[in-house]
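Architecture and fold: a report
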Amino acid sequence: MSTRDLHLAHEMVAPAPMGQGLGYAVRDTLAMARRNLLHIRRLPQLLVFATIQPLLFVLMFRYVFGGAITVEGTDYVNYLMPGIFAQVVAFGAVNTAIGLAEDRGQGLLERLRSLPMARSAVLAGRTLSDLVRNVFVVSLMLGMGFIVGFRLQTDVGKLVLAIALLLGFGYALSWMFAFIGLSVKGAETAQAASFPMMMLLVFASSAFVPTDGMPGWLKLWAENQPVSVTVDAVRALVLGGPWGTDALTSVVWAIGIMAVFVPLSVARYRRG
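Since this is a predicted model, take the numbers as computed values, not measurements.

1. A word on empty space enclosed by the protein
Once rolled over the atoms, a probe with the size of a water molecule shows which space is left empty. Within this structure, the stated rule accounts for one cavity of 30 Å³ or more. By volume, the largest cavity amounts to about 30 Å³. Every element with two or more residues in the lining of the largest cavity is listed here: α2 (22–42) and α6 (121–148). No other element matches α2, which puts three residues into the lining of the largest cavity. Its residues assigned to classes, the lining of the largest cavity shows three nonpolar, one polar and three charged.

Right, dumping it as structure tokens:
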């Protein structure tokens, strides 16, 4: 980032002895999260552009494709919105890769590694700030959903649980894409490397259409991959129906993703 970002990082992460404990690690993480959120405040167009795409998807699927897609038992808009919510948090995770790749390319990560701070704080701060941004964007999409006809068919408690499930899954994905961002050179490369994975996770899923009409090989993937089980759990929570198994599976996927990619990302960050 800019020289201003470097000075801001120095100011927010005060010197601390090496071998610092959990308290220092939490402090450093919050400091880095604050730095990333301040960057969004200085460049609000980043948040604006992050919301334009899902808004366009809502309008396109609702009014362009909605009349051609039928879903048994409910209006298509009610089926659609849980998929849009999942898309928002998944694409939000790509921003983690892009942000880290940009910081790495401009030398900020190398400078931060020289500071006496927890090695996990840079990555945890980035993923935490992206989680906060996801809260805002999901809330915006929920409001947009109500405008275009989405209606909650259960209760507020299950809606809150559905949003928490989405945010937790999105947070786990952020660590996976953090590893991608640290493994490539430049923000454009990070975006290009992330897009094929997003296509497989988001569009080859139950997010926008039922899997019944898919070819057998694609249906097998779509019904068992993490985005689909998360969408199915959220859909059951907001529309009614059994949700426990899918919700538990989504949580297991999230824990598994973090168990793999948190240590991988931290190790990759240490290597520079």
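Still to come is the rest of the account.
2. A short note on the layout of surface pockets
Approximately 290 Å³ is the volume found for the second largest pocket. Along the wall of the second largest pocket there are 15 residues; nearest its centre are Val71, Tyr79, Asp232, Arg235 and Leu239. Considering each element in turn, the lining of the second largest pocket owes the most residues, four residues, to helix α10 (residues 226–239). Looking at the lining of the second largest pocket residue by residue, the classes come out as five nonpolar, five polar and five charged.

3. Quick look at a nonpolar patch on the surface
Together, Ile52, Leu56, Leu59, Met60, Tyr63, Val64 and Phe65 give the surface a local cluster of nonpolar side chains, amounting to about 640 Å² of exposed area. Tracing the chain through its elements places isoleucine 52 in helix α3 (residues 45–65). A residue is classified by how much of its surface remains accessible, and isoleucine 52, at 36% relative accessible area, is partly exposed.

4. Some points on the packing of helix α4 (residues 76–105) against helix α8 (residues 187–203)
It is at 9 Å that the axes of α4 and α8 come closest, and there the two elements cross at 160°. As the angle between them shows, α4 and α8 are arranged roughly antiparallel. For the element pair α4 and α8, the recorded crossing hand is right-handed. Across the interface between the two elements, Gln87, Ala90, Phe91, Val94, Ala97, Ile98, Ala101 and Glu102 from α4 touch Ala187, Ala190, Gln191, Ser194, Met198, Val202 and Phe203 from α8. Tallied by class, the residues present in the contact of α4 with α8 amount to 11 nonpolar, three polar and one charged.

5. Comments concerning the environment of valine 71
By the secondary structure assignment, valine 71 is in the loop between α3 and α4. Valine 71 sits in the buried class, given a relative accessible area of 14%. In this structure, the C-alpha to C-alpha distance between valine 71 and valine 209, residues 138 residues apart in sequence, is 8.2 Å.

6. Remarks on the nonpolar core
Tyr76, Ile84, Leu112, Phe177, Met198 and Phe208 are the most contacted members of the largest nonpolar core, which has 76 residues in total. For this core, the element with the most residues is α4, which contributes 18 residues. The residues contacting phenylalanine 208, other than those within four sequence positions of it, are Phe61, Tyr76, Tyr79, Leu80, Gly83, Ile84, Gln87, Val202 and Phe203.

7. Quick word on α10
In this model, α10 (14 residues) spans 20 Å end to end at C-alpha, consistent with the 20 Å of a helix rising 1.5 Å per residue. Counting buried positions over the 14 residues of α10 gives 13, a clear majority of the element. Between the side-chain oxygen at the start of α10 and the backbone nitrogen of valine 227 there is a gap of 2.9 Å, and the oxygen is on glutamine 225. Following α10 by one or two positions, glycine 240 has its phi on the positive side, about 105°.

Rules used in this analysis
Residues numbered from 1 in each chain as written. Predicted model: local features only at pLDDT ≥ 70, side-chain atom pairs only at ≥ 80, totals over all residues. Heavy atoms only, no water. 1 Å grid on protein atoms, 1.4 Å probe; cavity = no way out; pocket = protein on both sides within 12 Å on 5 of 7 lines; lining within 4 Å. Points joined across faces, edges and corners; volume = space filled by probe spheres on them. Helix = DSSP H or I, 4+ residues; strand = E, 2+ residues; numbered from the N terminus. Nonpolar A, V, L, I, M, F, W, Y, C, P; charged D, E, K, R; others polar. Patch = residues over 30% accessible without salt bridge, like charges linked within 9 Å, V, L, I, M, F, W, Y side chains within 5 Å. Areas by Shrake-Rupley, 256 points an atom, 1.4 Å probe, with all protein chains shown as cover. Salt bridge = Lys/Arg side-chain N within 4 Å of Asp/Glu carboxyl O. Buried < 20%, exposed > 50% of the residue type's maximum accessible area, 1.4 Å probe, protein only. Axes fitted to C-alpha atoms, helices over the stretch in contact; angles between N-to-C directions. Parallel < 35°, antiparallel > 145°, perpendicular 65-115°, else oblique. Left-handed = near helix turned anticlockwise from the far one by under 90°. Contact = heavy atoms within 4.5 Å. Core = buried A, V, L, I, M, F, W, Y, C linked by side-chain atoms within 4.5 Å. Expected span 1.5 Å × (residues − 1). Polar contact = N/O pair within 3.5 Å; in protein donor to acceptor, adjacent residues only side chain to side chain.

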